[in-house]
Structures are given as C-alpha cells and as structure tokens.
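Overview (structure and organization)
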Amino acid sequence: EEVNNAQMFNEANKLATPTEKAGLIASARARGIEVTELLKMVGFDGEKQPEGMTAKQYGKAMNILNGGI
C-alpha cells in the first residue's frame, strides 16, 4: 500500500512538460483567457512552485479551457 501511495504521489507531482505549457498558453490566448488568472484557478503559485506547474494542475487548466470545471 505504501508503494502504491508513493507512486500516486509522484504521478500527481510530476511536472508539466514545456510542450504542454506552450500548448496551454496558446489555447488560453486563443480563447482570450488571461493565463495568470487561469493558473491561479488551478492553484499554481510561481513563488511557491519555482520548478513549474504540475501535470495535475496542467490537466485542470486544460479541462477549464475545454469547458469543464
């Protein structure tokens, strides 16, 4: 169980790739959405996360951009 929990934690904290980030920014701009506001909505804080947004935050942001919440 501990190994499974550790694997889930690592997956949730994996960083979004540069390609994913670029796509997110392009999609937000194409829809007229302010990128910084979108990132706030998914809980990204550049000061607390200098390494970048997580894959989980990226997924949430893309879900918002695609009409989900």
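Provided above is the structure to which this section pertains.
Presented here is an overview of the structure given in this document. (Residues numbered from 1 in each chain as written. Predicted model: local features only at pLDDT ≥ 70, side-chain atom pairs only at ≥ 80, totals over all residues. Heavy atoms only, no water.)

1. Digging into the environment of Met53
For Met53, the location among the structural elements is in the loop between helix 3 (35–41) and helix 4 (55–65). Considered as a pair, Met53 and Ala16 are 37 residues apart in the sequence and their alpha carbons are 6.0 Å apart. Residues contacting Met53, with those up to four places away along its chain left out, are Leu15, Ala16, Lys21, Leu24, Leu39, Phe44 and Tyr58. (Helix = DSSP H or I, 4+ residues; strand = E, 2+ residues; numbered from the N terminus. Contact = heavy atoms within 4.5 Å.)

2. Quick look at the pattern of salt bridges
In the structure shown here, the tally under the stated rule is one salt bridge. A salt bridge links Lys40 to Glu37; the shortest N-O distance between them is 3.5 Å. You can see Lys40 and its partner Glu37 sitting in helix 3, three residues apart, about one turn around the helix. Assessed through its relative accessible area of 57%, Lys40 is described here as exposed. (Salt bridge = Lys/Arg side-chain N within 4 Å of Asp/Glu carboxyl O. Buried < 20%, exposed > 50% of the residue type's maximum accessible area, 1.4 Å probe, protein only.)

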